[in-house]
Amino acid sequence: MRRYCNDKCIAFSIHGLIHKTHLRNALLKRSYWKYSILLPCCTSRKRVIHMTSNGHGTNAPQLNGSLEAIYKFSRPHTVRGTLLAAISGCLRAILEGGFFVSKSLVFRAILGVVALILGNVFIVGINQVYDIEVDKVNKPFLPLAAQQMEVPFAWLLVVSSGIVGVAITRLYFSRLIFYLYIAGLGCGALYSVPPFRWRRWPWMAAITISFVRGFLLNFGVYHATKSALGIPFQWNPVILFTACFMTIYACVIALAKDLPDVQGDKQYRVETFAARMGVDKVVRLVVALLLFDYIFAILTALVAPAGTFRRHIMLWTHIGFALWWIQESKRVQTNSKPSLLQFYRSIWNLFYAEYCVLPFL
């Protein structure tokens, strides 16, 4: 009896399965015409999505790619440093002038920031144009080295940035600021353009970067803001300290920027301190020089007459930065390019932090 029940259950199961199979086949046959239309559409849709993701289907991805290439071409970490220097110098001058801010001052400040960013693009852009082959080894992510940007378009960006920046400073700022701006662009061009190519000589490269990013930028922004406020320029201890401190700091950046690029520099016979002296020695030099800069700031805070600086801010922030720098310097591995890149980034992070403090010293 039990065997009969089992056989019957099996028979019903098989019958149900056959019935479901027939029903499925019938549905498939009935709806085959729909699938025959939908399948090519889905395939075409996948192809469109694939082409779009690769940047060959529509104009929008190509535009995004161009914007991304322009962003990389501007070297964003240098733009951030320029922006912070401009904001810091303006704030310092405004705080000394008694918080008086007019609409015309805001307008000129915005124009000044635009001119500084355009000058930054001019300098870093012309360097990339003349260093494409070296960058293919040292910095393959840059748009010209990665063939994400054509050389004529790069030249268009460089030339237009230079022309517009010069026009802004000529029309809206004093003659002295205009000459300082021209001097900065000239030094930036001579750094990269043959036959001059000052970057061929390590000491000349360091002097150029220190002069432009250390002295010209800080003095120029402060002087321009004072002029816009109608206040005669006077050297004071804070701006003198800023110019000296940032000139030394810019020298540190000039030495450290070539540390991850030794392989390409040696291959193309580009003389840098890192290529000539070796990475280990230059790392030690960079660590010592920046530490000396912080000690200089700490000693200045201690020995300056009362009221010259906000002593507690200047003292404790630079002690904190010095300790941070010591910790970062312990982590660097001189035989590892990623570690050297991180070491270089930490220098820029401290650079940004310094500009956040300078207006309030």
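Everything numeric in this text was worked out from a predicted model, so none of it was measured.

## Describing the overall build of the chain
Okay, so step 1: Scanning the chain from N- to C-terminus turns up 15 helices and zero strands.
Okay, so step 2: Taken over 361 residues, the chain has a buried fraction of 45%.
Okay, so step 3: Sequence separation of at least 24 residues holds for 75% of the intrachain contacts in the chain that already meet a minimum separation of 6.

## Here we look at unusual backbone geometry
Okay, so step 1: Here the residue pair Pro194 and Pro195 is connected by a cis peptide bond, since its omega of 5° sits within 30 degrees of zero.
Okay, so step 2: As for its position among the elements, Pro195 is in the loop between helix 8 (175-192) and helix 9 (202-229).
Okay, so step 3: Although it is not a glycine, Gln147 adopts a positive phi angle of roughly 60°.
Okay, so step 4: Gln147 gets classed as exposed once you look at its relative accessible area, which sits at 64%.
Okay, so step 5: Although it is not a glycine, Arg197 sits at a positive phi angle of roughly 45°.
Okay, so step 6: Along the chain, the position of Arg197 falls in the loop between helix 8 and helix 9.

## Some details on the packing of helix 7 (residues 151-172) against helix 8
Okay, so step 1: One way to put it is that helix 7 packs onto helix 8 with a least axis distance of 8 Å and a crossing angle of 160°. In this view, helix 7 runs roughly antiparallel relative to helix 8, as classed from their interaxial angle. Of the two elements, helix 7 crosses helix 8, and the hand of that crossing is right-handed. Where helix 7 approaches helix 8, its residues Gly162, Gly165, Val166, Thr169 and Arg170 are matched on the opposing element by Arg175, Phe178, Tyr181, Ile182 and Leu185.
Okay, so step 2: Residues belonging to the contact of helix 7 with helix 8 are distributed by class as follows: five nonpolar, three polar and two charged.

## As for the packing of aromatic side chains
Okay, so step 1: Taken as a whole and assessed by the stated rule, the structure comprises 17 aromatic pairs.
Okay, so step 2: With a centroid separation of 6.0 Å and 75° between ring planes, the pair formed by Phe241 and Phe309 is classed as edge-to-face. Taken together, the positions of Phe241 in helix 10 (residues 237-256) and Phe309 in the loop between helix 13 (279-303) and helix 14 (311-331) put the pair 68 residues apart, joining distant regions of the chain. Both residues of the pair, Phe241 and Phe309, count as buried.

## Digging into the UniProt feature "transmembrane region" (unreviewed entry) in the chain
Okay, so step 1: Sites flagged by UniProt as "transmembrane region" (unreviewed entry) map to residues 107-130, 151-172, 178-196, 203-223, 235-256 and 282-303.
Okay, so step 2: For the annotated span residues 203-223, helix accounts for 100% and strand for 0% of the residues, and the straight-line distance between the end C-alpha atoms is 28 Å.
Okay, so step 3: Its end C-alpha atoms 30 Å apart, residues 235-256 is made of 91% helix and 0% strand.

## Details of the side chain of Glu354
Okay, so step 1: Counting through the fold element by element, Glu354 comes out in helix 15 (residues 337-357).
Okay, so step 2: The side chain of Glu354 is buried and forms no salt bridge, while Arg92, the nearest opposite charge, is found at 11 Å.
Okay, so step 3: For Glu354, the contacting residues outside a window of four places in its chain are Phe245, Met246, Tyr294, His318 and Phe321.

## Here's the deal with the confidence of the model for the chain
Okay, so step 1: Summary statistics for the chain give a mean pLDDT of 81 and a share of 81% for residues scoring 70 or more.
Okay, so step 2: Note that pLDDT drops below 50 for residues 1-64; the model gives that stretch eight contacts with residues more than four away or on any other chain.

## Comments concerning the nonpolar core
Okay, so step 1: Core analysis: the largest hydrophobic core is formed by 49 residues, its most contacted members being Tyr249, Leu259, Val286, Tyr294, Trp325, Phe343 and Ile347.
Okay, so step 2: Counting residues per element, the ones that place at least two in this core are helix 4 (76-96), helix 9, helix 10, helix 13, helix 14 and helix 15.
Okay, so step 3: Considering each element in turn, this core owes the most residues, eleven residues, to helix 15.
Okay, so step 4: The contacts of Trp325, once residues within four sequence positions are left out, are Val286, Val287, Leu290, Leu291, Tyr294, Phe343, Ser346, Ile347 and Leu350.

## Quick word on the pattern of salt bridges
For side chains bearing opposite charge, pairing can occur when the charged atoms are close.
Okay, so step 1: A complete count under the given rule lists nine salt bridges for this structure.
Okay, so step 2: Measuring nitrogen to oxygen at the nearest pair gives 2.1 Å for the salt bridge that ties Asp131 to Arg199. With Asp131 in the loop between helix 5 (103-130) and helix 6 (132-138) and Arg199 in the loop between helix 8 and helix 9, this residue pair connects regions lying 68 residues apart in the sequence. As far as burial versus exposure is concerned, Asp131 and Arg199 are alike and both buried.
Okay, so step 3: Between Arg276 and Glu271 there is a salt bridge, with the nearest N and O atoms lying 3.3 Å from each other.
Okay, so step 4: Because the salt bridges share partners, they merge into one network encompassing Asp131, Arg197, Arg199 and Asp265.

Rules used in this analysis
- Residues numbered from 1 in each chain as written.
- Predicted model: local features only at pLDDT ≥ 70, side-chain atom pairs only at ≥ 80, totals over all residues.
- Heavy atoms only, no water.
- Helix = DSSP H or I, 4+ residues; strand = E, 2+ residues; numbered from the N terminus.
- Buried < 20%, exposed > 50% of the residue type's maximum accessible area, 1.4 Å probe, protein only.
- Contact = heavy atoms within 4.5 Å.
- Axes fitted to C-alpha atoms, helices over the stretch in contact; angles between N-to-C directions.
- Parallel < 35°, antiparallel > 145°, perpendicular 65-115°, else oblique.
- Left-handed = near helix turned anticlockwise from the far one by under 90°.
- Nonpolar A, V, L, I, M, F, W, Y, C, P; charged D, E, K, R; others polar.
- Phe/Tyr/Trp six-rings, centres within 6.5 Å; stacked < 30°, edge-to-face > 60°.
- UniProt positions renumbered as here; feature names shortened; annotations may be inferred.
- Lys, Arg positive; Asp, Glu negative; His and termini not counted.
- Salt bridge = Lys/Arg side-chain N within 4 Å of Asp/Glu carboxyl O.
- pLDDT = per-residue confidence, 0-100.
- Core = buried A, V, L, I, M, F, W, Y, C linked by side-chain atoms within 4.5 Å.

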